[in-house]
Amino acid sequence: MRLLFCLQVIHRDIKCENLLLDADLNIKIIDFGLSNCFTPGSLMKTFCGSPTYCAPELIQRREYQGPEIDVWSLGVVLFVLVCGYLPFDAKDFQVTALIASLPRSASQPATL
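Residues numbered from 1 in each chain as written. Predicted model: local features only at pLDDT ≥ 70, side-chain atom pairs only at ≥ 80, totals over all residues. Heavy atoms only, no water.

Asker: Any details on a nonpolar patch on the surface? Residues and values, ideally.
Answerer: On the surface, Leu21, Leu25 and Ile27 cluster together to form a nonpolar patch covering roughly 350 Å² of accessible area. Residue placement: Leu25 occurs in the loop between β2 (19-21) and β3 (27-29). Judged by relative accessible area, Leu25 falls into the exposed class, the value being 62%. (Patch = residues over 30% accessible without salt bridge, like charges linked within 9 Å, V, L, I, M, F, W, Y side chains within 5 Å. Areas by Shrake-Rupley, 256 points an atom, 1.4 Å probe, with all protein chains shown as cover. Salt bridge = Lys/Arg side-chain N within 4 Å of Asp/Glu carboxyl O. Helix = DSSP H or I, 4+ residues; strand = E, 2+ residues; numbered from the N terminus. Buried < 20%, exposed > 50% of the residue type's maximum accessible area, 1.4 Å probe, protein only.)

In structure tokens:
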């Protein structure tokens, strides 16, 4: 992660499923589909990643610098490796918080 941060890249979807081990048991990060470059001091506001690994800033739709999002997700990964289960479940998040995380351009739900 230090290399990525030095290159001003954030992954934004760190989770157990995106970590592999090579033949020498070195951790390899995969799936950079949600990654982005960041500028120190500038704020980002894109919500992305897996909800159970997301930092509170993302769930609350607050702006963020970047690296702290990956650091939070790494903490969740460490919790999973030590305890064997996720510290949060999607049901732990209030429905309104998840709805608020949708892009503002998303249409309203259909009604019958």
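Further notes follow.
Asker: Hey, could you go over the pattern of salt bridges for me, with residue numbers and the actual values?
Answerer: Evaluated as defined, the whole model comprises 2 salt bridges. Notably, a salt bridge pairs Asp13 with Lys15, separated by 3.8 Å at the nearest N-O pair. Across the pair, Lys15 and Asp13 agree in class, each one buried.

Asker: Any details on the environment of Tyr85? Residues and values, ideally.
Answerer: Along the chain, Tyr85 falls in the loop between α3 (67-83) and α4 (95-100). Look at Tyr85 and you get exposed, because its relative accessible area is 51%.

Asker: A description of the confidence of the model for the protein chain should follow, citing residues and the corresponding values.
Answerer: In the predicted model, the protein chain carries a mean pLDDT of 84, and the fraction of residues at 70 or more is 79%. Mean pLDDT values for the elements of the protein chain range from 52 in α4 up to 96 in strand β1 (residues 9-10). (pLDDT = per-residue confidence, 0-100.)

Asker: Residues and numbers for the nonpolar core, please.
Answerer: Of all hydrophobic cores here, the largest spans 10 residues; its members are Phe5, Ile10, Phe38, Met44, Cys54, Ala55, Leu58, Ile59, Tyr64 and Ile69. Those residues within four positions of Cys54 in sequence are excluded, and the remaining contacts are Phe47, Cys48, Gly49, Ile59 and Trp72. (Core = buried A, V, L, I, M, F, W, Y, C linked by side-chain atoms within 4.5 Å. Contact = heavy atoms within 4.5 Å.)

Asker: Lay out the side chain of Asp70 in plain terms, naming residues and giving numbers.
Answerer: Take Asp70: it is sitting in helix α3. Of the side chains with opposite charge, Arg12 lies nearest to the buried Asp70, which makes no salt bridge, at 7.2 Å. Not counting the four nearest positions on each side in its chain, Asp70 is found in contact with Met1, Phe5, Ile10, His11, Arg12, Asp13 and Ile14. (Lys, Arg positive; Asp, Glu negative; His and termini not counted.)

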